[in-house]
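Breakdown of the fold
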Amino acid sequence: MITMFLFSLRFSFSGRAIHRMSTSDGQEAFFEGHVHAFRRLGGVPFGKVRYDNLNAAVARVIGLSRLRVETDRWTAFRSH
C-alpha cells in the first residue's frame, strides 16, 4: 500500500481547481503543486491567495495570536 498526498488549489470566484497527487507532503511537493497549478491556470492570480492549515510555510506560531513566523523557503517562493 502506498500513501499519497493531495495538493489542491481552488479559486474562490470561478471555482476553477487544480489537484496534484504526490508521495510526499513535504515543502518540495507543496511548492511543486503551486508551480503546476499556476502553469495550468495560466499564471499567478492577481490579489490575495488564502490558505487553510499552511504547515509547509509556517515555522512557528507566536503565542495564542494569529501571527506566524514563515519559513525562509516559503518567503523566497512567495517573493518569486
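In this report, we go over the structure that sits alongside the text. Everything numeric here is computed off the predicted structure, so don't read it as measured data.

1. What to know about the side chain of Gln27
- Relative to the assigned elements, Gln27 resides in helix H1 (residues 27–41).
- A polar contact is formed between the side chain of Gln27 and the side chain of Thr71, at a distance of 3.1 Å.

2. Let's talk about the packing of aromatic side chains
- Counting across every chain of the model gives six aromatic pairs.
- An angle of 45° between the planes, with centres 5.5 Å apart, marks the rings of Phe30 and Trp74 as tilted. Of the two residues, Phe30 sits in helix H1 while Trp74 sits in helix H2 (residues 72–79), which places them 44 residues apart along the sequence.
- Cluster of aromatic residues (ring-pair linked, three or more members): Phe7, Phe30, Phe31, Trp74 and Phe77.

3. With respect to the pairing of strand S3 (residues 58–61)
- Taken together, the three bridges between S3 and strand S4 (residues 68–70) define a ladder with antiparallel strand orientation. Across the sheet, the residue bridging to Arg60 is Val69, located in S4.
- Between the end of S3 and the start of S4, which pair antiparallel, lie six residues, with Gly63 showing a positive phi angle near 55°.

4. A word on H1
- With 15 residues, H1 extends 21 Å between its outermost C-alpha atoms, agreeing within 8% with the 21 Å of an ideal straight helix rising 1.5 Å per residue.
- The complete set of buried residues in H1 reads Gln27, Ala29, Phe30, Phe31, Gly33, His34, Ala37, Phe38 and Leu41.
- Along its buried surface, H1 packs onto strand S1 (5–10), strand S2 (17–22) and H2.
- Of the residues one or two after H1, Gly42 is the one with positive phi, at around 90°.

5. Comments concerning the nonpolar core
- Within the largest apolar cluster, twelve residues are counted, these being Phe7, Leu9, Ile18, Phe30, Phe31, Ala37, Phe38, Leu41, Leu54, Ala56, Ala57 and Trp74.
- If you list the elements that add at least two residues to this core, you get S1 and H1.
- Looking at which element gives the most residues to this core, the answer is H1, with five residues.
- Among residues more than four places away in sequence, those in contact with Leu9 are Arg16, Ala17, Ile18, His34, Ala37, Phe38 and Leu41.

Calculation rules
Residues numbered from 1 in each chain as written. Predicted model: local features only at pLDDT ≥ 70, side-chain atom pairs only at ≥ 80, totals over all residues. Heavy atoms only, no water. Helix = DSSP H or I, 4+ residues; strand = E, 2+ residues; numbered from the N terminus. Polar contact = N/O pair within 3.5 Å; in protein donor to acceptor, adjacent residues only side chain to side chain. Phe/Tyr/Trp six-rings, centres within 6.5 Å; stacked < 30°, edge-to-face > 60°. Pairing = 2+ DSSP bridges. Expected span 1.5 Å × (residues − 1). Buried < 20%, exposed > 50% of the residue type's maximum accessible area, 1.4 Å probe, protein only. Contact = heavy atoms within 4.5 Å. Core = buried A, V, L, I, M, F, W, Y, C linked by side-chain atoms within 4.5 Å.

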